[in-house]
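Notes for the structure review
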Amino acid sequence: MAEIRLKNVSKRWHNFVGVNNFDLDIADREFLVLLGPSGCGKTTTMRMIAGLDDISEGEIWLGDRMVNNLEPKDRDISMVFQSYGLYPNMTVYENIRFPLRVRKVPKELHHEKVMQAARMVELVDFLERRPAALSGGQRQRVALGRAIVRQPAAFLMDEPLSNLDAKLRVSTRAQIKNLQHTLKVTTIYVTHDQIEAMTLADRVVVMNRGVIQQVGTPTDIYDNPANTFVASFIGSPAMNLVSGDIENGTFRGPGITIAGLQTNVKGPVTLGFRAEDASLVSEGGEFGAEVYSMELLGEATMASFRIGDQLVSIKSGKEYRAEIGDVVHAAIPASICHLFDTDTGVRIARTPGN
Amino acid sequence: MIVKKRRRPLPLTVLSTTFVLLWVLMAAFPFIWTVWGSFKVEQDFFSRDSWWFAIEGPRTIAQTGSAFTGDGYYGAWVLRDFFSSVVNTIIVTVSVVVISLTFGTLGGYALARSGYRYTFWLLMLALVFRAMPHITLVSGYLLPFFEMNIWGHLPTAIIVLVAINQPFTLWMLHSFFLSIPKDLDESAMVDGCSRFQAFRMVVIPVMWPGVITTGLFSFLLAYNDFAVTAMLLSQPNQTMVPKIASFLGTIQQEGNVMFAVAAVVSATAPLFVLVMFFQRQIVSGLTAGAVKG
């Protein structure tokens, strides 16, 4: 098994920067998720690790080998593609066996290894079928089986669940998590779905426009977003962001006044808080506005308000009801608030004592 | 319960059936006429008195005692050694198909997977060369071939035919390779293949319909070619098509024209067998690029 190190890796096409100065150590057996919107460079980063794209700058180390100039086949990794990349002319059995065959694993070991992998991905009943005769979820499991049949130094998964329906996604997600736990192999997983990232990852790397925005555990990223991009990307709904001014620890925005914040900043800032941390109250509170819309989520009720040009959502109990147009107050204590620099979007750290 | 069968209106059925039958008749007629006529003597098949002679063959009966004669075939195959031109044709077509497909698959794959802009211009250039009449190439080749003393040999004709055919095979295979997702080669490479192994073990097996279709077109080009083989091959090395033309050219000798007719039938029959044998692959190959699977 191996740790993976990326040293200042960059990818450029002519003057377009795909990945900019990606610098990260991935520990052995870690489950790392690269998360970001499409076009943020997460897949490119993974393809550079796999050796399918050239590296413009920097070094990639797998264990103690610098792999920049190695062919994909010599890097000892296996990869699951978004579109599965199954061999349509081979049966499921042959598909799973293919890596053993081309890597000249002794023939007598093949059957046992294939069957073991097939059992792990629950495909024993489908071994004689061709990929065309399988459902999407089964095809995805064949791709997984093909990846785990030999013990590679690392797994790379490129949005493996995005072609599956919502229900299957949840069960396959659990299966991937369990497989990684059983096999104890370093895994890099690319996704644009923040729920997948939160549920699967040991550590999440949030990327935007080729640049790492934040690296941390899912809790870290959720509770302490490093900037407004991470704050608005993680969470469902995303963190509420309100522009306003702060002076002497009191934030003032349209319809919102919060006292007791840190006193070390002054001037325009962006204030952020999570919908579920705030609560609706009948009177008082730091915030009051007309309800813009009400959404019933089943386990909760979501009230939205329009503040300036932004939409602010606040979660409430499932019995809560209000009509659109009612004036509602909300408690937003200072302890749940995050402050960000208006220009750069970077988080403003709390000083001790606040 | 009686299920009422939905039927098309009778006049429409009659009309469409008649049309198809008529069309089949018109398309097949020249061939049937030639096959039938190849068993007659020249005075019947090319009779000036009545075209009916070609069907009934009174002079064939008068000359040979039977309504059908194999004289044309005997003349072509035994007297005039049509067999050696059959062998030459086999050598030429097989070589052209094998060489074109080898370079075509490798080149088409490289062009399809290359991200560079020049691939487009290479393909455009190939199209221009493909569009040129063959005879322009051949007339240019003649003098250097004489000077190098390689005129008249089969390999020379094979090289020229491959050169004429290659742009087309490149085009066709290029578009077939484009329809195969890149993920397939990439997962093969991650699974442990080199680029060439991925090509050989994963891409080509998926490509068979395309390779067969392209191979068939290459075969037809080499098989039917007249301009190149007639100009570049010496008499003993002639393939079937220029050989047939030479039968027609010596029209003074009676019966020679019938050698040509018999040879034409002999040359056409294998094509039928071939197309029937490969029809499934050809159809799937022709439509493969059209709709993404």
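Residues numbered from 1 in each chain as written. Chains lettered and ligands numbered in written order. Predicted model: local features only at pLDDT ≥ 70, side-chain atom pairs only at ≥ 80, totals over all residues.

Focus: the overall build of chain B
Within chain B one finds 14 helices and zero strands. Put simply, chain B runs from its N terminus to its C terminus through helices and strands in the order α-α-α-α-α-α-α-α-α-α-α-α-α-α. Taking 293 residues into account, the globule formula puts the C-alpha radius of gyration at 19 Å, and chain B, at 25 Å, lies well above it. Counting only C-alpha atoms, chain B reaches 85 × 75 × 30 Å along its principal axes. The burial tally for chain B puts 34% of its 293 residues in the buried class. (Helix = DSSP H or I, 4+ residues; strand = E, 2+ residues; numbered from the N terminus. Rg over C-alpha atoms; globule rule 2.2 N^0.38 Å. Buried ≥ 20, exposed ≤ 12 C-beta atoms within 10 Å, placed from the backbone.)

A closer look at the overall build of chain A
Looking only at helices and strands, chain A features eight helices and 20 strands. Along the first, second and third principal axes, the C-alpha atoms of chain A reach 75 × 45 × 35 Å. Each of the 354 residues in chain A was classed as buried or not, and the buried ones make up 40%. Of the contacts made within chain A by residues no fewer than 6 positions apart, 65% connect residues no fewer than 24 positions apart. (Contact = placed C-beta atoms within 7 Å.)

Examining the sheet that holds strand β9 (residues 203-208) of chain A
All names here are of chain A. Across the sheet, six strands lie side by side as β6-β7-β8-β3-β9-β10; this open sheet has mixed pairing. In this open sheet, the two edge strands, each paired with only one partner strand, are β6 (77-80) and β10 (211-216). Neighbour-to-neighbour, the strand axes of the sheet open up by a mean angle of 15°, direction not taken into account. (Pairing = 2+ DSSP bridges. Axes fitted to C-alpha atoms, helices over the stretch in contact; angles between N-to-C directions.)

A look at unusual backbone geometry
Residue and element names in this part refer to chain A. Geometrically, the link from Ser236 to Pro237 is a cis peptide bond, its omega value of 0° lying close to zero. Relative to the helices and strands, Pro237 resides in the loop between α8 (228-233) and β11 (240-247). For Asn8, which is not glycine, the phi dihedral falls at a positive 45°. Here Asn8 is to be found in strand β1 (residues 4-13). We note that Arg209 has phi near 50°; this positive angle belongs to a residue other than glycine. Structurally, Arg209 is set in the loop between β9 and β10. A count of 15 C-beta atoms within 10 Å places Arg209 in the partly exposed class.

Observations concerning the nonpolar core
One finds A:Val33, A:Leu156, A:Ile188, A:Val205 and B:Leu161 to be the most contacted residues of the largest nonpolar core, which totals 127 residues. Take this core: its biggest share by element is 11 residues, from helix α9 (residues 154-178) of chain B. If we ignore the near neighbours within four places in the chain, the residues touching A:Ile188 are A:Ile26, A:Leu32, A:Leu34, A:Met46, A:Ile49, A:Ala154 and A:Leu156. (Core = buried A, V, L, I, M, F, W, Y, C linked by C-beta atoms within 7 Å.)

Details of the interface of chain A and chain B
Chain A puts 19 residues into the contact, and the matching count from chain B is 15 residues. Mapped onto the side of chain A that touches chain B, the elements with two or more residues apiece are β6 and α2 (92-102) of chain A. For the side of chain A that touches chain B, a count of residues per class yields 11 nonpolar, four polar and four charged. (Nonpolar A, V, L, I, M, F, W, Y, C, P; charged D, E, K, R; others polar.)

A few points about the domain arrangement of chain B
Many descriptions give the size of an interface as the accessible area lost when the pieces come together. Residues and elements named next belong to chain B. Partitioning chain B into structural domains gives domain 1 (33-69) and domain 2 (83-288). Tallying the contact residues gives eight residues for domain 1 and eight residues for domain 2. Per-element tally for the side of domain 1 that touches domain 2: the top contributor is helix α1 (residues 10-37), with three residues. Counted by class, the side of domain 1 that touches domain 2 contains four nonpolar, three polar and one charged residues. (Domains from an automatic or database assignment.)

Here's the deal with the environment of B:Ala112
Residue and element names in this part refer to chain B. For Ala112, the location among the structural elements is in helix α6 (residues 82-113). Residue Ala112 is classed as partly exposed on the basis of its C-beta count, with 18 C-beta atoms lying within 10 Å. Counting along the chain gives 62 residues from Ala112 to His174, while the straight-line C-alpha distance between them is 5.5 Å. If we ignore the near neighbours within four places in the chain, the residues touching Ala112 are His174, Phe177 and Leu178.

Structural notes on the packing of α9(B) against helix α11 (residues 195-224) of chain B
For any two helices packed against each other, the geometry is given by the interaxial angle and the distance between the axes. Residues and elements named next belong to chain B. Two numbers describe how α9 lies on α11: the axes approach to 10 Å, and their chain directions differ by 160°. Judged on the interaxial angle alone, α11 and α9 are roughly antiparallel. Relative to α11, the crossing made by α9 is right-handed. Every residue of α11 that contacts α9 at Leu161, Asn165, Phe168, Thr169, Met172, Leu173 and Phe176 is listed here: Met207, Gly210, Thr214, Phe217, Ser218, Leu221 and Ala222. Residues belonging to the contact of α9 with α11 are distributed by class as follows: nine nonpolar, five polar and no charged. (Parallel < 35°, antiparallel > 145°, perpendicular 65-115°, else oblique. Left-handed = near helix turned anticlockwise from the far one by under 90°.)

A short note on the sheet that holds strand β2 (residues 16-26) of chain A
Residue and element names in this part refer to chain A. Here we have four strands laid out as an open sheet, ordered β2-β1-β4-β5, and antiparallel in their pairing. Every other strand in the sheet has two partners, leaving β2 and β5 (65-66) as the edge strands with one partner each. For β1 and strand β4 (residues 57-62), the ladder comprises five bridges, and the chain directions are antiparallel. Of the residues in β4, the one forming a bridge with Leu6 is Ile60.

Let's talk about the environment of A:Pro237
All names here are of chain A. In this structure Pro237 comes out as partly exposed when scored by C-beta crowding, with 17 C-beta atoms within 10 Å. In sequence terms Pro237 and Ile314 are 77 residues apart; their C-alpha atoms lie 9.3 Å from each other. If we ignore the near neighbours within four places in the chain, the residues touching Pro237 are Ala275 and Ser313.

Some thoughts on the pairing of β9(A)
Remember that side chains alternate between the two faces of the sheet whenever the strand is regular. Residues and elements named next belong to chain A. Note that strand β3 (residues 31-35) and β9 share four bridges and pair parallel. Residue pairing in the sheet places Leu32 in a bridge with Arg203 of β9. Following β9, the chain reverses through two residues before pairing antiparallel with β10; Arg209 in that reversal takes a positive phi of roughly 50°.

Overview of the pairing of β10(A)
Judged from the five bridges that link them, β9(A) and β10(A) form a sheet pairing that is antiparallel. The residue of β10(A) that forms the bridge with A:Val205 is A:Val215.

Notes on the confidence of the model for chain B
All names here are of chain B. With 91% of its residues at a pLDDT of at least 70, chain B reaches an overall mean of 83. Long-range and interchain partners of residues 289-293, a stretch whose pLDDT sits below 50, account for four contacts in this model, where long-range means more than four residues apart. On the interface metric, ipTM, the complex scores 0.78, and its pTM is 0.77. (pLDDT = per-residue confidence, 0-100.)

Here we look at α11(B)
Given a rise of 1.5 Å per residue, 30 residues ought to cover 44 Å, yet the end C-alpha atoms of α11(B) are separated by just 37 Å, more than 12% below that figure. At B:Trp208, α11(B) shows its largest bend, some 60°, and a proline, B:Pro209, comes one to four positions later. (Expected span 1.5 Å × (residues − 1). Bend = angle between axes of the 7 residues up to and from the residue.)

Here we look at the environment of A:Asp223
In this fold, A:Asp223 is placed in helix α7 (residues 218-223). Expressed as a C-alpha distance, the spacing of A:Asp223 and A:Gly235, which sit 12 residues apart in the sequence, is 9.9 Å.

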